[in-house]
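# Coordinate inspection notes
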Amino acid sequence: MDIAVVGGGAVGATLAYDLAEDAEVTLYEADELAAGASGRAAGLCYDAFSDRRDAELATRALERFRGLAGGGGFAFTDCPYVWLVRETGEEADERRAAEVREQAERMRDHGLDVTTLSGEEVAARFPGVVGGDVAVAAVAESAGYADPESYTKTIGLLARARGADIREGTPATLTEDGDVRTADGIEEHDAVVVAAGAHTREVVRDVAPIPVKPYRVQALVTEAADADPPMLFDATNGFYLRPHGEGLLVGNGTEPVEQDPDDWDREADTDFREDCVTYQERALGWSWPEARSWAGLCTATPDGDPLVGELADGVHVATGWQGHGFMRAPAVAERLAAQVLGEGRGYRGSTPAGSTGTNSSR
């Protein structure tokens, strides 16, 4: 088969790598690999999903991250992922605490290594985490983090080594027939996969409309921090953090307003940067100076599920990740590559991998 991939983020680059083992692959990237959402992602990777399909995808993604790490410019660091709810007396947090307990139980039913802790147990196991007011916490033991930009560029190099033609600086859209349109003309391929992040809707506009909208998120990295926390999501205060080099990465400055994917503010807001001081103090009892901060784009769908699969004959999409795209990239790409090879135009050489639809929960 001759297959095109549009989009050079983590999903697109991994697709090129997987497909290139059995097909001729051309990847079209408007800028350079990891120039979009993947280059601005937080890099948290965990299997803490209560939906069985999510859990299966996340488990496979972690397996692939660990297997691919160390082969070039990217590393995967094992680190527990903790999500917690604090005692506030608010009804909303009481509901969140009950949900954490229920989610953790369902995760264990799926065979995931997930532990439930009280506030006292959080403080004992993670001494640096402020746990005195924690109502309940859950720990995904098989979790870790990676640098999304390094991963994407490394997997792109591996795809090239397999023979993939990766064309950076080549914006592409699709014609109504599913052919690839660039400044050099129109190119036909047996199948096309569009994983262009916030630009996916525009790329496939002439093929079919898709209900996906980009929204803005923000993150900050501190200078060297005298702390060694786990990856942490505070459901009460709505932020996450993880180790990042010698410092910390703090994030979730979400702005739930649709953005223009070609015209949006890439700098972090002053309010968010100030909030990060409070977040650090609530989580760790101290805060450290900012080294840098930024904003990125995530994509959302009306029902919270990503759009993954065949949109039209020979045209597939992978978008709408709600901020969970990087952590799923190795597993989603693997399944979608198998589906494309089995269902591409005029090709019936393998069995499709089946649906990759998921329900997001954090």
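Residues numbered from 1 in each chain as written. Predicted model: local features only at pLDDT ≥ 70, side-chain atom pairs only at ≥ 80, totals over all residues. Heavy atoms only, no water.

## Structural notes on the confidence of the model for the chain
The predicted model of the chain has a mean per-residue pLDDT of 93, with 94% of residues at 70 or higher. Segment residues 344–362: pLDDT under 50, and 63 contacts once partners within four positions in sequence are set aside and those in other chains are kept. (pLDDT = per-residue confidence, 0-100. Contact = heavy atoms within 4.5 Å.)

## Re the sheet that holds strand β14 (residues 213–222)
Taken together, the eight strands give an open sheet; going across it, the order is β6-β7-β5-β15-β16-β17-β14-β18, and neighbouring strands pair in mixed fashion. Every interior strand has two partners, whereas the edge strands, β6 (114–117) and β18 (290–300), have only one. For this sheet the average axis-to-axis angle between neighbouring strands, irrespective of direction, equals 20°. By the bridge criterion, three bridges tie β14 to strand β17 (residues 247–251) in an arrangement that is antiparallel. By the bridge assignment, Leu220 is partnered in β17 with Val250. (Pairing = 2+ DSSP bridges. Helix = DSSP H or I, 4+ residues; strand = E, 2+ residues; numbered from the N terminus. Axes fitted to C-alpha atoms, helices over the stretch in contact; angles between N-to-C directions.)

## What to know about the layout of surface pockets
Taken as a whole, the second largest pocket spans an internal volume of roughly 190 Å³. Along the walls of the second largest pocket sit Gly39, Arg40, Ala41, Ala42, Asp147, Pro148, Glu149, Arg242, His244, Leu249, Arg292 and Trp294, which together make up its complete lining. Within the residue set of the lining of the second largest pocket, elements represented by two or more residues are α5 (148–161), β16 (239–244) and β18. Classifying every residue of the lining of the second largest pocket gives five nonpolar, two polar and five charged. (1 Å grid on protein atoms, 1.4 Å probe; cavity = no way out; pocket = protein on both sides within 12 Å on 5 of 7 lines; lining within 4 Å. Points joined across faces, edges and corners; volume = space filled by probe spheres on them. Nonpolar A, V, L, I, M, F, W, Y, C, P; charged D, E, K, R; others polar.)

## Things to note about unusual backbone geometry
For Asn252, which is not a glycine, the phi torsion comes out positive at approximately 95°. Inspection of the secondary structure assignment puts Asn252 in the loop between β17 and α7 (270–284).

## Quick look at the packing of aromatic side chains
Within this structure, the stated rule accounts for nine aromatic pairs. Ring centres 5.6 Å apart and planes at 25° place the aromatic pair Tyr81 and Trp83 in the stacked group. Across the pair, Trp83 and Tyr81 agree in class, each one buried. Just above the ring of Tyr17 sits the side chain of Arg162; from NZ or CZ to the centre is 3.8 Å. (Phe/Tyr/Trp six-rings, centres within 6.5 Å; stacked < 30°, edge-to-face > 60°. Buried < 20%, exposed > 50% of the residue type's maximum accessible area, 1.4 Å probe, protein only. Lys NZ or Arg CZ within 6 Å of the ring centre and 35° of its normal.)

## Structural notes on the environment of Glu310
By secondary structure assignment, the location of Glu310 is in strand β19 (residues 307–312). For Glu310, a relative accessible area of 38% corresponds to the partly exposed category. Taking the C-alpha atoms as reference points, Glu310 and Val193, 117 residues apart in sequence, are found 8.6 Å from one another. Only 2.9 Å separates the side chain of Glu310 from the backbone nitrogen of Gly314, close enough to count as a polar contact. (Polar contact = N/O pair within 3.5 Å; in protein donor to acceptor, adjacent residues only side chain to side chain.)

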